[in-house]
Amino acid sequence: MSSTELVPGAAGALVPQTETAARSDGRQFLTFRIAAEEYGLDILRVQEIRSYEAPTRVANAPSFVKGVVNLRGVIVPILDLRVRLGQAAEYNAFTVVIVLNVANRVVGIVVDSVSDVLELQADEIKPPPEVPAALDARFITGLGKIAERMLILLDIEAMIKSPDFGLVD
């Protein structure tokens, strides 16, 4: 019988080293809420999280484009993801802007609130369901399940690059 080295794992429990190595394939997601739904996006796309401040409006922009802000010398378009997904846009103390680096651009998306950062292992991510929804299925990479929480995992880069948003040529 061979011996397996035990190393600290989650919550300080000792686990076999091979199990720790297997768990290193997880991906981290920033989780946020829009209405009653919880979403997740790849943390590597997030530049920063800011409180909502009214942007400068842009004439003839679609309703989900709230305007632009000057972020340390960079003009950043602010998109209200809630409006884009057909939800009501109610601005309060929890409303935030997630500033993203996607498609070689800096873009801000308005959401109801940011929850936390979660690491999901491959076996915790399920394929997206094939049902009609307000959000095009090509923008959903899967569903994350942790305990009782269900996250809709977004491909935010594909969403921002889509012609629907009109931001990328």
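Because the structure is predicted, anything quoted here is derived from the model rather than measured.

J.: What exactly am I supposed to notice about empty space enclosed by the protein here?
T.: Rolled over the atoms, a probe as big as a water molecule pinpoints where empty space is left. Under the defined criterion, the tally for this structure stands at one cavity of 30 Å³ or more. Of the volumes computed, that of the largest cavity is approximately 80 Å³. Contributing to the lining of the largest cavity are Arg-50, Ser-51, Glu-53, Val-69, Leu-71, Val-76, Ile-78, Val-97 and Val-99. Across the lining of the largest cavity, the residue classes break down as six nonpolar, one polar and two charged.

J.: It is not clear to me how the environment of Ser-113 should be interpreted in this structure. Could you clarify?
T.: Position of Ser-113 relative to the elements: it lies in strand E10 (residues 113–120). For the pair Ser-113 and Phe-32, spaced 81 residues apart in sequence, the C-alpha separation works out to 5.6 Å. Ignoring sequence-local partners within four residues, the contact set of Ser-113 consists of Phe-32, Arg-33, Phe-94 and Val-96.

J.: Looking at this structure, how should I read the sheet that holds strand E13 (residues 149–154)?
T.: Adjacent strands of a sheet form backbone hydrogen bonds with each other and so pair up, either parallel or antiparallel. The strand order across the open sheet formed by six strands is E10-E3-E4-E13-E12-E11, and the pairing between neighbours is mixed. Lying at the two open borders of the sheet, with one neighbouring strand each, are E10 and strand E11 (125–126). In terms of strand pairing, E11 meets strand E12 (residues 140–146) through two bridges, oriented antiparallel. Each bridged residue has a counterpart across the sheet, and for Lys-126 the counterpart in E12 is Leu-143.

J.: Explain the confidence of the model for the protein chain to me, please; I cannot follow it from the model alone.
T.: Predicted coordinates in regions of low pLDDT should not be interpreted in detail. Looking at the protein chain as a whole, its pLDDT mean stands at 83, while 80% of the residues score no less than 70. Scored below 50 in pLDDT, residues 17–23 makes nine contacts in the model with residues more than four places away or belonging to other chains.

J.: Honestly, the nonpolar core in this entry has me stumped. Any pointers?
T.: Note on soluble globular proteins: their nonpolar side chains tend to be buried together. Counting 27 residues, the largest nonpolar core has Phe-32, Leu-79, Leu-81, Ile-98, Leu-100, Ile-109 and Ile-156 as its most contacted members. Counting residues per element, this core draws most heavily on strand E8 (residues 96–102), which supplies four residues. Beyond its immediate sequence surroundings of up to four residues, Ile-156 is in contact with Leu-41, Arg-45, Leu-100, Val-102 and Ile-109.

Conventions and cut-offs
Residues numbered from 1 in each chain as written. Predicted model: local features only at pLDDT ≥ 70, side-chain atom pairs only at ≥ 80, totals over all residues. Heavy atoms only, no water. 1 Å grid on protein atoms, 1.4 Å probe; cavity = no way out; pocket = protein on both sides within 12 Å on 5 of 7 lines; lining within 4 Å. Points joined across faces, edges and corners; volume = space filled by probe spheres on them. Nonpolar A, V, L, I, M, F, W, Y, C, P; charged D, E, K, R; others polar. Helix = DSSP H or I, 4+ residues; strand = E, 2+ residues; numbered from the N terminus. Contact = heavy atoms within 4.5 Å. Pairing = 2+ DSSP bridges. pLDDT = per-residue confidence, 0-100. Core = buried A, V, L, I, M, F, W, Y, C linked by side-chain atoms within 4.5 Å. Buried < 20%, exposed > 50% of the residue type's maximum accessible area, 1.4 Å probe, protein only.

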